Structures are given as C-alpha cells and as structure tokens.
Amino acid sequence: MAAEPRHGYAVIEDVKQISGGRVVIGVGTLYTAIDRLHADGLIEVDREEVVDSRLRRYYRLTGDGARRLAAETKRLTRHAAAATARLRVLGVEPA
C-alpha cells in the first residue's frame, strides 16, 4: 500500500513477491491488520469496484500512515545496524 493503492489480494501477492516467497500472509491476518490500520487512521479507502460480482476495495496510506511507516523503517534500520555491529565484533560479516 505504500507505493500505490492496493486491494487485499494484491497486498498478499506484493508481500510474497518482495519477500521472495518467505512471507505469506493469510487472508484473515491481512484483513484483521487492514481493519486495525483503518481504525487507527493509517490507511483509508481509495476506491471500490466490482469485479466478477465481488466488491474489491482499494486502500492507500494516509499522511499519518506514511509518517508511521517512515518511523518504523528508521527504527528497524537502527536495530539492523546494532545487530550488524555485534556480528562484526564476532568476526561475522552479514550476508
């Protein structure tokens, strides 16, 4: 959802693709997360369309959602840097 509006199935496929298949999100897990993100004002409905008689709802990040994503990215980067430093002390170079 960060780059452009996505519907649920597209989010599942995007996560699978960017993780090289290592992360697979279940439908129930995804929609629970979408409900929470929506309630917290981090995503919003961009548009809806009917495809094969089924409603497809597209979501996009809000400004607050983009700021939260940026903060989480920064936090994870700090953690990765700390882990890398500890590995180097042990003489192990991260892959």
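Worth saying up front: this structure is predicted, and the values here are computed from it rather than measured.

Now for the sheet that holds strand β2 (residues 43–51). Ordered in space as β1-β3-β2, the three strands form an open sheet in which the pairing is antiparallel. Each edge of the sheet is formed by a strand with only one pairing partner; in this case those strands are β1 (6–7) and β2. Looking at chain direction, β2 and strand β3 (residues 54–61) are connected through eight bridges and run antiparallel. The residue of β3 that forms the bridge with Val-50 is Leu-55. Strand contacts of helix α2 (residues 27–39): β2 and β3, with the helix running at about 130° to β2, the strand carrying the most contacts.

The residue Asp-52 is not glycine, and still its phi comes out positive at about 50°. Positionally, Asp-52 belongs in the loop between β2 and β3. The backbone of Ser-53 shows a phi angle near 65°, a positive value even though the residue is not glycine.

Attention shifts here to the pattern of salt bridges. Counted by the stated rule, this structure contains 10 salt bridges. Salt-bridge contacts for Arg-6 lead to Glu-4; the nearest nitrogen and oxygen are separated by 3.0 Å. A relative accessible area of 17% means that Arg-6 is categorised as buried. Since its relative accessible area comes to 46%, Glu-4 is described here as partly exposed. The partner of Arg-60 in a salt bridge is Asp-46, with the nearest N and O atoms 3.0 Å apart. Of this pair, Arg-60 sits in strand β3 while Asp-46 is found in strand β2, placing the two residues 14 residues apart along the sequence. One continuous salt-bridge network, built from bridges that share partners, spans Glu-44, Asp-46, Arg-47 and Arg-60.

On the surface, Leu-87, Leu-90 and Val-92 cluster together to form a nonpolar patch covering roughly 270 Å² of accessible area. Structurally, the position occupied by Leu-87 is in helix α3 (residues 63–89). Of the residues examined, Leu-87 reaches a relative accessible area of 32% and is grouped as partly exposed.

Next up on the list: the nonpolar core. Counting seven residues, the largest nonpolar core consists of Val-11, Ile-12, Val-15, Leu-30, Ile-34, Ile-43 and Tyr-59. Among the secondary structure elements, those contributing two or more residues to this core are α1 (8–18) and α2. The element best represented in this core is α1, accounting for three residues. Non-local contacts of Ile-12, meaning those with residues more than four positions away in its chain, are made with Ile-25, Val-27 and Leu-30.

Parameters and conventions
Starting from 1, residues in each chain are numbered consecutively following that chain's sequence as written. Where local features are concerned, this predicted model is filtered to residues with pLDDT of at least 70; where side-chain atom pairs are given and counted, the filter is 80 or more; whole-chain, interface and lining totals use all residues. Side-chain measures here rest on the full set of heavy atoms in the structure, leaving out hydrogens and waters. A pair of strands is considered paired only if DSSP assigns at least 2 bridges between the two. Only DSSP runs of H or I covering at least 4 residues are called helices, and only runs of E covering at least 2 are called strands; the numbering of each starts at the N terminus. In this description, contact between two residues means that some pair of their heavy atoms is separated by no more than 4.5 Å. Note on method: axes are straight lines fitted to C-alpha atoms, helices fitted across the in-contact stretch only, with angles between N-to-C directions ranging 0 to 180 degrees. One side-chain nitrogen of Lys or Arg within 4 Å of one carboxyl oxygen of Asp or Glu is enough to make a salt bridge. Three labels apply to residues, based on accessible area from a 1.4 Å probe with only protein chains included: buried if under 20% of the type maximum, exposed if over 50%, partly exposed otherwise in between. Residues form patches when they are more than 30% accessible in relative terms and have no salt bridge. Like charges link within 9 Å. Nonpolar side chains (Val, Leu, Ile, Met, Phe, Trp, Tyr) link within 5 Å. Only the protein chains shown count as cover for residues, with accessible areas throughout obtained via the Shrake-Rupley method and a probe of 1.4 Å. In these notes, a set of buried Ala, Val, Leu, Ile, Met, Phe, Trp, Tyr and Cys residues joined through side-chain atoms within 4.5 Å is what counts as a nonpolar core.

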